[in-house]
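Commentary on secondary and tertiary structure
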Amino acid sequence: MKHEFMIVPWKGEKDALPYDSKTQQVDENKLKAMQGVEDLLPGQAVTVRFSLSEGRYVAFCNEPGHYRDAMSGVFLVNSAR
């Protein structure tokens, strides 16, 4: 089963991303500044570097049904001092 690792700046609740019940996915067209890695296969390893500004983010899998199955989390980016 494939997975994705998507990151988007988000101030609201992590379960409140714009969701399309027909596709069972977050509507990526309604999000700004999203970054991520799509179509990760089981056992596949990737190395990525994201450029994130200070703020609050939601990371989630956007394969059908995965976001609603709680494959998401919140994290904060703070500036180094």
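All values derive from a computational prediction rather than experimental measurement. (Residues numbered from 1 in each chain as written. Predicted model: local features only at pLDDT ≥ 70, side-chain atom pairs only at ≥ 80, totals over all residues. Heavy atoms only, no water.)

Looking now at the sheet that holds strand E1 (residues 3-9). Reading across from one edge, E4-E1-E5-E6 is the order of the 4 strands in this open sheet, with antiparallel pairing throughout. Bordering the open sheet on either side are strand E4 (35-40) and strand E6 (72-77), each of which pairs with just one other strand. Strand-to-strand twist across the sheet, computed as the mean angle between neighbouring axes with direction ignored, equals 20°. Of the pairings in the sheet, the one linking E1 to E4 comprises 4 bridges and is antiparallel in character. When the sheet's bridge partners are listed, isoleucine 7 is paired in E4 with glutamine 35. (Pairing = 2+ DSSP bridges. Helix = DSSP H or I, 4+ residues; strand = E, 2+ residues; numbered from the N terminus. Axes fitted to C-alpha atoms, helices over the stretch in contact; angles between N-to-C directions.)

On to the packing of aromatic side chains. All chains considered together, the criterion is met by 4 aromatic pairs. Taking 6.1 Å as the distance between ring centres and 35° as the angle between the ring planes, the aromatic pair formed by tyrosine 19 and tyrosine 67 counts as tilted. Placement of the pair is tyrosine 19 in strand E2 (residues 19-20) and tyrosine 67 in the loop between strand E5 (55-60) and E6, with a sequence separation of 48 residues. Tyrosine 19 gets classed as partly exposed once you look at its relative accessible area, which sits at 24%. The interplanar angle of 15° and the centroid separation of 5.5 Å between the aromatic rings of tyrosine 57 and phenylalanine 75 together place this pair among those described as stacked. Pair noted here: tyrosine 57 is in strand E5 and phenylalanine 75 is in strand E6, with a separation of 18 residues, a long-range link. Residue classification places tyrosine 57 among the buried residues on the basis of a relative accessible area of 6%. Given a relative accessible area of 28%, phenylalanine 75 falls into the partly exposed group. (Phe/Tyr/Trp six-rings, centres within 6.5 Å; stacked < 30°, edge-to-face > 60°. Buried < 20%, exposed > 50% of the residue type's maximum accessible area, 1.4 Å probe, protein only.)

Here we take up the side chain of serine 72. Mapped onto the secondary structure, serine 72 falls in strand E6. At 3.1 Å, the side chain of serine 72 forms a polar contact with the side chain of lysine 14. Sequence-distant contacts of serine 72, that is, excluding residues within four places in its chain, are made with Lys14, Asp15, Val58, Ala59, Phe60 and Tyr67. (Polar contact = N/O pair within 3.5 Å; in protein donor to acceptor, adjacent residues only side chain to side chain. Contact = heavy atoms within 4.5 Å.)

Before going further, it helps to spend a moment on the pattern of salt bridges. One pass over the full model with this rule turns up 3 salt bridges. The salt bridge involving aspartate 39 is made with lysine 2; its shortest N-O contact spans 3.5 Å. Placement of the pair is aspartate 39 in strand E4 and lysine 2 in the segment before E1, with a sequence separation of 37 residues. A relative accessible area of 40% means that aspartate 39 is categorised as partly exposed. By relative accessible area, lysine 2 is classed as partly exposed at 36%. Taking the shortest distance from any N to any O, the salt bridge between aspartate 15 and lysine 14 comes out at 3.7 Å. Given the relative accessible area of 47%, aspartate 15 is considered partly exposed. (Salt bridge = Lys/Arg side-chain N within 4 Å of Asp/Glu carboxyl O.)

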